[in-house]
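# Architecture at a glance
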Amino acid sequence: MKRFYIFKDGVQQGSAATRERAIDLIRAYQKHETHPILRANFSLIEGEEEFIPYPSEQKRHRTDRGIER
């Protein structure tokens, strides 16, 4: 799944499914900036989100038993 990640001064602030939503989120953050000299730098990175599941408990127990021998 493609995602757009929003960074504020190098720290991830959130992500969005579309570029337009990500820009809207950046504009919302910019609206809260108070002092013109202390404005943060925002960046947007497009990336692929991938979920990595934990290994199943049964497989892990089998390998643990093999190591103990």
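Now for a quick tour of the structure. Nothing here was measured: the structure is a model prediction, and the numbers come from that model.

## Some remarks on the side chain of R3
Here R3 lies in strand β1 (residues 2-8). At 2.9 Å, the side chain of R3 and the side chain of S15 are in polar contact. Other than its neighbours up to four places away in sequence, R3 contacts S15, A16, A17, I45, E46, G47 and E49.

## A look at the pairing of strand β2 (residues 11-16)
Pairing analysis gives 5 bridges linking β1 to β2, with the strands arranged antiparallel. Bridge pairing in β2 places I6 opposite G14. Between β1 and β2, which pair antiparallel in sequence order, lie 2 residues; one of them, D9, sits at a positive phi of approximately 50°.

Analysis parameters
Residues numbered from 1 in each chain as written. Predicted model: local features only at pLDDT ≥ 70, side-chain atom pairs only at ≥ 80, totals over all residues. Heavy atoms only, no water. Helix = DSSP H or I, 4+ residues; strand = E, 2+ residues; numbered from the N terminus. Polar contact = N/O pair within 3.5 Å; in protein donor to acceptor, adjacent residues only side chain to side chain. Contact = heavy atoms within 4.5 Å. Pairing = 2+ DSSP bridges.

Purely spatial values, then, with no claim about function.
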